[in-house]
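Spelled out from the first residue to the last, the chains are:
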Amino acid sequence: MRLGILQADHVDPECRGRFGDYADMFTIALGGALDSRTSFEFFDVRRGLYPDRVGACDGYLVTGSRASVYDDEPWIVRLKDFVRELHVARAKTVGICFGHQLIAASLGGVVERADAGWGVGVHTWEVVHDEPWMRPRLVEFRLLASHQDQVETLPEGARLLAASEFCPHAAFSVGSHLFAVQGHPEFTLDYARFLMRRRRNQLGSAFGPAMQSLDTPTDEAVVASWIAGFLLS
C-alpha cells in the first residue's frame, strides 16, 4: 500500500541529526507493522503540499504538531478541508495527537486547551470499545504523550475507543475509515525526555511526575499493529 503522511510539523533542525524528523519516526514506528511492500509518501502540509487527488494514496496519517487546531492559520484551515475530503471519500485516515484533534475538529467536534494542564510522559488509557482490527487485544494501553489541548466533544457519529480520567476522549473511530489517538506511538523515550527538558519551565509541576513516568513500559508496538490492522482492513 501507499501511505500518505500529512506532516504537520518538523523536529527542529538542530535536533534532527540526533532524533530524525517526524517522517523518520513514523517510518520506523510503522515500518515493522505494515507490509514490507508499503511505501511512504510525505506531504509537508505547512507548506501547502498535498497529493494531487485523494485517491493518490491508499491511506493517510496526520502527524502531531506544536500548533493548535483552533489556531487561525491558513495551512490548518486547508488541512481541515482536506480531512473533510478524506471523510467524504471514506479514505482510510489516522490521526496522531494534533492529527487526532484535527480530525475531531474538522468533523464538528470540540478541541480546547485542557483544564487538566499538560499531558506529558507515559499515560495509560482504558480500552472502552474493541474494534476488530485492534489486535492484539489490550484492556488498557500506554503511550508517550505531549499535549496541552484535548478533544472535549467527539464529532457526531464517532465511537469512543479509549479514555482516562485525565483524557476522556483518548481515541476514537468514525465508520471504518477514520481512527484517531491522542498518544504518540512514534516517539522514542530519548525524544520525549529531550522535549520535556526543553519545555521544563512550561511544564511546571507536571515535569517531575512526567520524567518519573518514563520508566513505565509502553505499548507503541501494539498501537502500531492496530494502525496497520486499521489501514489494511
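As a convention, each chain's residues are numbered from 1 in the sequence order in which they are written. Local features in this predicted model are restricted to residues whose pLDDT is 70 or higher, and side-chain atom pairs enter the listing and the counts only when it is 80 or higher, whereas totals over whole chains, interfaces and linings include all residues. Excluded from the side-chain calculations are hydrogens and water; all other atoms, namely the structure's heavy atoms, are used.

Draft legend 1. Fine view of the nonpolar core. The term nonpolar core refers to a set of buried residues drawn from Ala, Val, Leu, Ile, Met, Phe, Trp, Tyr and Cys, joined through side-chain atoms within 4.5 Å. Whether a residue is buried, partly exposed or exposed follows from its accessible area with a 1.4 Å probe, protein chains only, as a fraction of its type maximum: under 20%, in between, or over 50%, in that order. Core analysis: the biggest nonpolar cluster contains 32 residues, and Leu 30, Phe 141 and Phe 179 have the highest contact counts within it. Put simply, the parts of the chain that give this core at least two residues each are β1 (2-7), α2 (22-31), β4 (92-96), β6 (119-127), β7 (140-147), β9 (158-163), β11 (178-181) and α8 (220-232). Core analysis: the second largest hydrophobic core is formed by 31 residues, Trp 75, Ile 76, Val 111 and Leu 154 among them. A run of H or I in DSSP becomes a helix once it reaches four residues, and a run of E becomes a strand once it reaches two; helices and strands are each numbered from the N terminus.

Draft legend 2. Quick peek at empty space enclosed by the protein. A 1.4 Å probe that fits into a set of points on a 1 Å grid over the protein atoms alone but cannot get out defines a cavity; an open set with protein on both sides within 12 Å along at least five of seven lines defines a pocket, and lining residues are those with an atom within 4 Å of a point. Grid points are joined across faces, edges and corners, and a volume is the space filled by probe spheres set on the points. In this structure the tally under the stated criterion is one cavity of 30 Å³ or more. In this structure, the largest cavity spans a volume of roughly 60 Å³. Elements with a contribution of two residues or more to the lining of the largest cavity: β6, β7 and α5 (189-198). Here the lining of the largest cavity is composed, by residue class, of eight nonpolar, two polar and one charged. Each residue is assigned to one class: nonpolar for Ala, Val, Leu, Ile, Met, Phe, Trp, Tyr, Cys and Pro, charged for Asp, Glu, Lys and Arg, and polar for all the others, Gly among them.

Draft legend 3. Seen up close, the pattern of salt bridges. Each reported salt bridge corresponds to a side-chain nitrogen of Lys or Arg within 4 Å of a carboxyl oxygen of Asp or Glu. One pass over the full model with this rule turns up 13 salt bridges. Close ionic contact of Arg 113 with Asp 149 constitutes a salt bridge, the shortest N to O distance being 2.9 Å. Taken together, the positions of Arg 113 in strand β5 (residues 110-113) and Asp 149 in strand β8 (residues 149-153) put the pair 36 residues apart, joining distant regions of the chain. Residue Arg 135 pairs with Asp 130 through a salt bridge whose shortest N-O separation is 3.0 Å. A cluster of three or more residues bridged by salt bridges with shared partners is formed by Asp 9, Asp 12, Glu 14, Arg 66 and Arg 198.

Draft legend 4. Quick peek at the environment of Ala 104. Residue placement: Ala 104 occurs in helix α4 (residues 98-106). Considering only alpha carbons, one finds Ala 104 and Glu 152, 48 residues apart in sequence, at a separation of 9.4 Å.

Draft legend 5. Seen up close, the environment of Asp 190. Mapping Asp 190 onto the fold places it in helix α5. In the structure, Asp 190 is positioned 172 residues away from Arg 18 in sequence and 9.6 Å away in space, judged by C-alpha atoms. Identification of polar contacts relies on pairs of N or O atoms within 3.5 Å, with a donor-acceptor requirement for protein atoms, meaning one able to donate a hydrogen and the other able to accept it, and with residues adjacent in sequence counted only if both atoms are side-chain atoms. Polar side-chain contacts of Asp 190 include one of 3.1 Å to the side chain of Arg 193.

Draft legend 6. The arrangement of the sheet that holds β4 in detail. Ordered in space as β2-β1-β3-β4-β11-β10-β9-β6-β7, the nine strands form an open sheet in which the pairing is mixed. Each edge of the open sheet is held by one strand with a lone partner, namely β2 (39-44) and β7. Averaged over all pairs of adjacent strands, the angle between strand axes in this sheet comes to 25°, irrespective of strand direction. Both β6 and β9 contribute to a ladder of two bridges, which runs antiparallel. The residue bridging Val 127 from the neighbouring strand is Ala 162, located in β9. Of the strands in this sheet, β1, β2, β3 (59-62) and β4 are in contact with α2, which crosses β2 at around 155°. Here the rule is simple: two strands pair whenever DSSP picks up at least two bridges between them. Note on definitions: angles span 0 to 180 degrees between N-to-C directions of axes, and those axes are lines fitted to C-alpha atoms, for helices only across the stretch in contact. Contacts are assigned to residue pairs that have any heavy atoms within 4.5 Å of one another.

Draft legend 7. Broad picture of unusual backbone geometry. Between Arg 135 and the following residue, Pro 136, the backbone shows a cis peptide bond with an omega angle of 5°. Of note in the backbone geometry, Arg 90 takes a positive phi value of approximately 55° without being a glycine. Looking at where Arg 90 falls in the secondary structure, it is placed in the loop between α3 (74-89) and β4.

Draft legend 8. Local environment of the side chain of Ser 146. The topology assignment puts Ser 146 in strand β7. Using a relative accessible area of 15% as the deciding quantity, one classes Ser 146 as buried.

Draft legend 9. Broad picture of the layout of surface pockets. Of the pockets and cavities examined, the largest pocket occupies roughly 450 Å³. Forming the boundary of the largest pocket are 29 residues, of which Ser 65, Arg 66, Ala 67, Ser 146 and Arg 199 lie nearest the centre. Among the secondary structure elements, those contributing two or more residues to the lining of the largest pocket are α4, β7 and α5. There is about 150 Å³ of room inside the second largest pocket. Taken together, the elements giving at least two residues each to the lining of the second largest pocket come down to α1 (13-19) and α2. Per-element tally for the lining of the second largest pocket: the top contributor is α2, with four residues.

Read these as spatial facts, not as claims about activity.
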